[in-house]
Amino acid sequence: MSTLFPALGGPAEAPPGVPALDADPFSAGFFADPYPVHGQLREAGPFVWLSQYGIGAVARYAEVRQVLMDWETFSSARGVGMADFVKHGRFRLPSIILEADPPQHTRSRAVLGRALSSVVMKGLREKFAAEADRIVDELVVKGTFDACTDLAEAFPLRVFPDAIGMKREGRDNLLPYGDMVFNSFGPPNTFFEASAPRAAAAFPWVETQALRENLAPEGFGEICYQAADRGEITHDEAGKLVRAMLTAGVDTTVNGIGAAVYAMARFPEQWRKLRDNRTLARAAFEEAVRFESPVQTFFRTTTRPTELGGCPLAEGEKILMFLGAANRDPRKWENPDTYDIQRATAGHVGFGAGIHMCVGQLLARLEGEVVLDAMARKISTIDLAGTPERRYNNTLRGLSRLPVTVTAA
Ligand code: EJD
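Predicted, not measured: the structure shown is a model, and the values here were computed from it. (Residues numbered from 1 in each chain as written. Predicted model: local features only at pLDDT ≥ 70, side-chain atom pairs only at ≥ 80, totals over all residues. Heavy atoms only, no water.)

Quick look at the overall build of the protein now. The secondary structure content of the protein amounts to 17 helices and 13 strands. Scaling as 2.2 N^0.38, a compact globule of 409 residues should have a C-alpha radius of gyration of about 22 Å, and the protein matches this with 21 Å. Projected onto its principal axes, the C-alpha coordinates of the protein cover approximately 60 × 50 × 35 Å. Buried positions account for 58% of the 409 residues belonging to the protein. Counting only contacts in the protein whose residues sit at least 6 apart along the sequence, the fraction spanning at least 24 positions is 72%. In the form shown here, the protein has an accessible surface area of approximately 15,900 Å², with 55% of it arising from carbon and sulfur atoms. Across the protein, the mean location of the 45 positive side-chain charges is 3 Å away from that of the 50 negative side-chain charges. (Helix = DSSP H or I, 4+ residues; strand = E, 2+ residues; numbered from the N terminus. Rg over C-alpha atoms; globule rule 2.2 N^0.38 Å. Buried < 20%, exposed > 50% of the residue type's maximum accessible area, 1.4 Å probe, protein only. Contact = heavy atoms within 4.5 Å. Areas by Shrake-Rupley, 256 points an atom, 1.4 Å probe, with all protein chains shown as cover. Lys, Arg positive; Asp, Glu negative; His and termini not counted. Charge placed at Lys NZ, Arg CZ, Asp CG, Glu CD.)

A word on the pattern of salt bridges. In the structure shown here, the tally under the stated rule is 34 salt bridges. Close ionic contact of R272 with D276 constitutes a salt bridge, the shortest N to O distance being 2.9 Å. Of this pair, R272 and D276 both sit in helix α14 (residues 268-276), four residues apart, which is roughly one turn of the helix. Among the residues examined, D276 registers a relative accessible area of 56% and is labelled exposed. Residues participating in the shared-partner salt-bridge network are K127, D162, R168 and R171. (Salt bridge = Lys/Arg side-chain N within 4 Å of Asp/Glu carboxyl O.)

Another aspect to go through is the site of the ligand. Every residue close to the ligand is listed here: R92, S95, I97, L98, F182, A244, T247, A248, T252, V295 and F298. At 3.0 Å, a side-chain N or O of R92 approaches an oxygen atom of the ligand. Measuring from an oxygen atom of the ligand, one finds a side-chain N or O atom of S95 at 2.5 Å. The protein chains hide 86% of the 360 Å² of surface that the ligand would expose on its own. Here the element with the most residues in the shell around the ligand is helix α12 (residues 235-248); it accounts for three residues. (Near = heavy atom within 4 Å. Polar contact = N/O pair within 3.5 Å; in protein donor to acceptor, adjacent residues only side chain to side chain.)

As a further point, take the packing of aromatic side chains. The geometry of an aromatic ring pair is captured by the separation of the ring centres together with the interplanar angle, meaning the angle of the planes. Under the counting rule described, the total for this entry stands at 15 aromatic pairs. Ring centres of F30 and F31 lie 6.1 Å apart, and the angle between their planes is 65 degrees; this geometry places the pair in the edge-to-face category. Through a chain of ring-to-ring contacts, the aromatic side chains of F30, F31, F191 and Y392 assemble into a single cluster. The cationic tip of R328 hangs over the ring face of Y35; the distance from NZ or CZ to the ring centre is 3.9 Å. The ring of W333 carries the charged tip of K332 above its face, separated from the ring centre by 5.3 Å. (Phe/Tyr/Trp six-rings, centres within 6.5 Å; stacked < 30°, edge-to-face > 60°. Lys NZ or Arg CZ within 6 Å of the ring centre and 35° of its normal.)

What follows concerns the sheet that holds strand β9 (residues 318-322). Judged by pairing direction, the sheet is mixed, and its six strands sit side by side in the order β1-β2-β3-β9-β6-β4 without closing on themselves. Each having just a single partner strand, β1 (20-21) and β4 (74-75) make up the two edges of the open sheet. As paired elements, strand β6 (residues 297-302) and β9 share five bridges and run antiparallel to each other. The residue bridging R300 from the neighbouring strand is I319, located in β9. Each of β3 (55-58), β4, β6 and β9 is contacted by helix α3 (residues 61-69), which is oriented at about 125 degrees to β9, the strand it contacts most. (Pairing = 2+ DSSP bridges. Axes fitted to C-alpha atoms, helices over the stretch in contact; angles between N-to-C directions.)

In short, the description is geometric, and any link to function would need to be established separately.
Right, here's the structure in full:
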């Protein structure tokens, strides 16, 4: 068995009694069709060993949830990627929310939670819905278009930077930047290396855009700085939280909306159901997040000796969680591989779970809902107009191209 990154993992040999798999969950073959390997990982046992990396992993719903819920044992502070900050250093300044444990995490979370609260979302809904209508109207006129670039990317890029209060210039940096950060949570493979050149210029740009002087007073970037004015966090931390929003908020919603549109193009009976009852728009988006799991994987690091799936673990071990496999675990879900917009999706881990559960989930759902609602009002049929192309990323699951033809309602 090969060990691709011995420096990153622990011992290449599986601990006694732990089933080992040779599959590489950060490879093009896996990304093209992860489901057979997800099944193997779940079937092999509650805790499995990834021989190529010398890292333990969980792919069943119960164990993924267990790790997510126990932040005291399974810490984020040493990074939520494969690299352990303590052993391997870090390639960007650590996030004070994603890559932090309480009490730091608690302070950061309180501020971002307020910036992205339901009250703030209420104030955005009308504008977001109007923008969704505008984009969908244009696309219906076109008839045939790329639902990835022209819709799933175009919509968040139109509404999200405005909502934060960003300047117009340079917004084309956001996607390459996110692509590299989400690649960086995996191994330093060719996908990570390929995303680096385009993102190099984006890094200093993002840091600059997060400064107060570059943010409009009515956006939610300013909400973070107002929390700093009140002494809840420092002004430096406010900048870091705005950076966190810029990093976490674009590629994720792009792939969430992309997942929903792709599902509607493949499952016409679900599309019909949505058209017949547009109040299902929010549920249809949620089910797309479960079904595709735009954020596929994250790591944690053990803070103390513990046990997981019957295997004893030492302190300082990386654990990989397969969120996408948990969201299709037949131990938890009936017909897990079916996209069903009337399914009870509660408990899915597409937004995570526990203290780190997506702080932007209301914003993501708002975006998904208004796009699907606009589509359901204005579009009668959606058909694939070519072969969808996958975007390869170490963390994100989604497409780079989704050619569709629509007919007007
Ligand atoms: C993220 C899974 C940051 C940051 C925060 C959250 C994410 C990425 C980056 C969104 C992870 O603070 O930089 S979905």
